[in-house]
Amino acid sequence: MRLHHLSDSALRSLLSTTEDEHAVAELLDAEVSRRLLLLRAVLDAASDFPEAESGGVREAWRLLEDAEKLEPAGFRAALLDPQVGLWAAGLFRRLSREAEASDDVGSDDVGSGDVVADEPSLQAELGFLSLLAVSVSVAAGADFRVRVPVQDGAVFLPGLGRAHVGGGAWGWAEVWGRDGVVTVTSDSTAQTDSAAETGSTAETGSTAETGSAAEVDGPAYAPSASMTSTTVTLPADPEGDSPGWQGLRRLRSVHAGAALTVTLDDLGPFPAVPGLAGAGRLTAERFAAWQERFDEMWRVLVTDHPAAARALTTGLMSIVPLPRGERLRARAASSSDAFGCVLLSEPDDDIDVRSAQLGVALVHEFRHTLLNGLIFLMPLFEECAELFHAPWRDDPRPLGGLVHGAYAFSGVAHYWRTRGSEGLAGFEFALWRDAVHAVLETLRTHSALTPLGRALVTTLDEQTAPWRDDRVEPDVEHLALLAAAHHRAAWRAHHLHPLPAHAEELARAWQASAGRANPYARPRVPAARPHLRTDPAACRLDALALLARLSIIAPREFEELRAEEDPGRRVPGVGPADVALVAGDAEAAVKLYADELTGADARPAAWAGLGLALTERGETAAGAALTEQPEVALSVSRLLSTPADPVALARWLAL
C-alpha cells in the first residue's frame with residue numbers, strides 16, 4: 001500500500017465532461033489501497049468481538065495472506081470485486097455501530113448491538129472473509145481447507161459463483177481445495193446449531209451428491225454420523241453451471257478490436273443499493289438477451305464514444321440486472337462502496353434507440369463511480385444542511401447530490417451531443433444541457449464547496465458553456481423546454497409551501513372578489529420566501545419528458561395513448577392533459593387540466609401543466625403565475641370551500 005497522489009493529467013481528466021482510461025487506472029490503484037485499509041480496519045475492529053474467533057477471522061486472514069503471496073493479481077482482482085467492497089464497508093459500519101452500542105450499555109454487552117431485521121449474525125458476516133480467502137486461493141491454485149458461512153442454503157464465493165448445499169437461513173460449510181479440485185461440503189451440525197439460535201429448522205439432504213463425514217479426510221467440523229451432508233464440486237470452468245453450482249457469468253463483447261468483459265452479477269448477496277432488489281438469477285434466455293443488448297451497445301460506444309469505451313474497459317467491473325422498469329423509465333444506480341458496479345434494468349425494445357440508451361445509462365452511472373473515487377481522495381464539498389431542486393430527481397437533493405448530478409449529467413449531455421441534434425439525441429442533449437447549466441448556476445458561488453469542488457464546477461461550466469449556442473431541431477428543443485419547465489414547477493408544487501398567513505390572505509381576497517379578476521381585490525403584501533417541506537408523495541415528475549420521448553421514438557404508440565381516456569393506466573403518472581400538451585393541443589390541455597383541478601384527487605403537478613398550457617396559448621402572465629409559483633395557487637385552492645375556476649385563479653394571481 002502506498003500514498004496516492006493523482007497526476008495532474010488524471011485530475012484534469014476527472015474534472016471534465018469526458019472519461020479517460022488513465023485516470024480510471026489511477027483511481028483503481030487508490031481503490032485497492034482503500035479496500036486494504038478497510039480489511040485491516042475490519043480485522044482490528046473485530047478483535048473486540050468474541051464472534052471473530054468463532055467466525056474464523058484469524059484463520060481466514062492467514063489463508064488470504066498465503067494466497068496473496070502466490071497470486072498477487074488474483075488477490076487484487078478479488079479485492080476489487082464490488083461484492084467485497086459492499087461487504088467490507090457494511091461490516092465496518094456494523095462493527096463501529098455495535099462497538100458504540102456496547103460502550104453505551106457497558107463492557108458486559110460487547111457484541112450485543114441491536115439486531116437489524118434480516119441481518120446475518122455477526123459471526124456469519126465476519127465469516128465472509130473466509131469466502132474471500134477461498135476465491136483468492138482458487139485463483140492461486142493453492143491447496144486449502146476453511147470453514148465458511150452459508151446463507152439461505154448457499155455458499156457465495158466472490159468472483160466465482162454460488163454452491164447450493166441446503167440448510168436454513170444461516171449455517172456453515174467447509175470448502176476444500178486440493179490439486180485444483182474445489183469442493184463445498186455443508187456442515188449439518190453447525191447448521192443445526194445455527195437453526196437452534198434462530199428458531200428455525202435445519203434442512204438436511206442433498207442437492208448434489210451426498211455422503212457421510214467419513215468420506216472427507218478428517219474435517220475439523222465433521223457432522224455426526226447420523227446426519228447427512230451435501231457436497232458440491234466446482235466445475236473446471238466455474239463460470240458454467242453444474243449440479244449444485246451456479247457460476248457467475250460474464251458479458252463479453254468485441255468490436256473493432258476493443259473488448260469489454262464484465263460480470264453479470266445475479267448472485268451476489270450484498271445489495272449495492274438497499275431496498276433496490278435485483279432481478280435474481282436470470283434464465284439462459286434472459287442472459288442471452290442481455291448479451292445481445294450488450295453487443296449492440298458496445299458497437300455504438302466503440303464507434304461513436306471511444307474515450308468512454310476505453311474508460312469502461314478499464315474500470316467497469318460488474319452489472320447487476322434489475323427487473324425491467326416502466327415504459328421509458330429504465331432504472332439505473334450505483335454505490336460508493338462498489339467501485340465499477342452498475343445496476344441496470346434491461347432497456348425497452350425500441351430497436352433504433354435501445355443501444356444508445358443502454359450506453360448512456362452505463363456512462364452516467366460510471367461517472368458517479370469516478371466522482372466517488374475522487375471524493376475518497378479529495379473532498380469536493382463540506383457538510384451542508386440545504387436541499388435543492390435537481391432537474392433529474394423527484395425529491396429535494398443535498399449539496400452532494402447536486403454535485404454528483406451535475407457531474408454525471410454533464411457526461412450524459414456530452415454523450416447525446418455526439419449523437420446529433422435531431423430526434424431523441426437532440427431532445428436529450430437540449431434537456432440535460434440546460435439542466436446542467438441551471439445546476440452549475442446554483443453551485444457556482446456556494447460557500448460549502450472546497451477549492452477542488454469549485455475547480456470542478458468551473459471546469460464543467462467552461463466546457464459546457466459553448467453548448468448553449470448549439471442549434472437543436474426546433475420541435476425537439478421546444479419539447480425539452482416544456483419538459484424542463486414542467487419538472488421545475490411540479491417540483492415546487494410538491495415541495496415548496498408559502499407562509500400560511502399569506503395563503504390565507506389570498507384566499508380571503510379571492511372569495512371577496514367572488515371569483516372576478518378584480519385588481520383591487522388582490523392583496524399587495526409582499527410574499528415571503530416559501531419554505532421547503534419534502535413531500536414523499538412526489539413521484540414521476542418526469543411525465544412530460546417521458547411523453548416527449550415517446551412522441552419522438554414511437555409516434556404511433558403516442559397517438560394511441562392520446563386516444564386513451566385514462567392514459568395513466570398504460571403510463572403511470574401521466575394524465576390526458578399532459579398528453580394533449582406534448583401533442584401541441586394547448587386548448588385541449590387547458591380544459592383537461594382545469595377539469596382535473598376542479599375534481600377530486602388532482603395532482604399538484606397539474607398546476608404546473610396548466611401554467612404551461614396557458615403560456616402555450618398566449619396567456620403568458622397567467623401561465624407564469626403558475627409555472628413560477630405553483631405552490632401559491634395550490635395552497636390557496638386548498639383553503640377554498642368551493643373549488644375555484646383554475647384558469648380564473650391563475651389570471652387573478654397574475655394581476
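Details of the structure are given in the entry above.
Below you will find a few notes about this structure. (Residues numbered from 1 in each chain as written. Predicted model: local features only at pLDDT ≥ 70, side-chain atom pairs only at ≥ 80, totals over all residues. Heavy atoms only, no water.)

### Some details on the nonpolar core
Residues V155 and W416 are the most contacted members of the largest nonpolar core, which totals 191 residues. Looking at this core element by element, the count peaks at 12 residues for helix 14 (residues 423-443). Aside from chain neighbours lying at most four places away, what touches W416 is A356, V360, L424, A425, E428, F429 and W432. (Core = buried A, V, L, I, M, F, W, Y, C linked by side-chain atoms within 4.5 Å. Buried < 20%, exposed > 50% of the residue type's maximum accessible area, 1.4 Å probe, protein only. Helix = DSSP H or I, 4+ residues; strand = E, 2+ residues; numbered from the N terminus. Contact = heavy atoms within 4.5 Å.)

### Here we look at the packing of aromatic side chains
Under the criterion given, the structure shown has seven aromatic pairs. Aromatic side chains F128 and F270 sit 5.1 Å apart centroid to centroid with 85 degrees between the ring planes, which places their arrangement in the edge-to-face category. Linking F128 in helix 8 (residues 128-140) with F270 in the loop between strand 10 (258-264) and helix 10 (284-304), this pair joins segments that are 142 residues apart in sequence. For the residue pair F128 and F270, the accessibility class agrees, reading buried in each case. (Phe/Tyr/Trp six-rings, centres within 6.5 Å; stacked < 30°, edge-to-face > 60°.)

### A closer look at the pattern of salt bridges
Once the charged atoms of two side chains with opposite charge are near each other, the side chains can pair. For the structure shown, the criterion picks out 49 salt bridges. Put simply, R76 and D29 hold a salt bridge, and the shortest N to O gap is 3.2 Å. Linking R76 in helix 5 (residues 72-79) with D29 in helix 2 (residues 21-46), this pair joins segments that are 47 residues apart in sequence. With its nearest N and O atoms 2.6 Å apart, the salt bridge here joins R94 to E125. Taken together, the positions of R94 in helix 6 (residues 82-105) and E125 in helix 7 (residues 122-126) put the pair 31 residues apart, joining distant regions of the chain. Note on R94: relative accessible area 6%, which makes it buried. Through salt bridges with shared partners, one network takes in R286, E292, R293, E296, R324, E346, D349 and R354. (Salt bridge = Lys/Arg side-chain N within 4 Å of Asp/Glu carboxyl O.)

### Here we look at unusual backbone geometry
Non-glycine residue D152 carries a positive phi angle of around 50 degrees. On the basis of relative accessibility, which here comes to 58%, the residue D152 falls in the exposed class. For D179, which is not glycine, the phi dihedral falls at a positive 55 degrees. By the secondary structure assignment, D179 is in the loop between strand 4 (170-178) and strand 5 (181-187). Overall, the relative accessible area of 68% leaves D179 in the exposed class.

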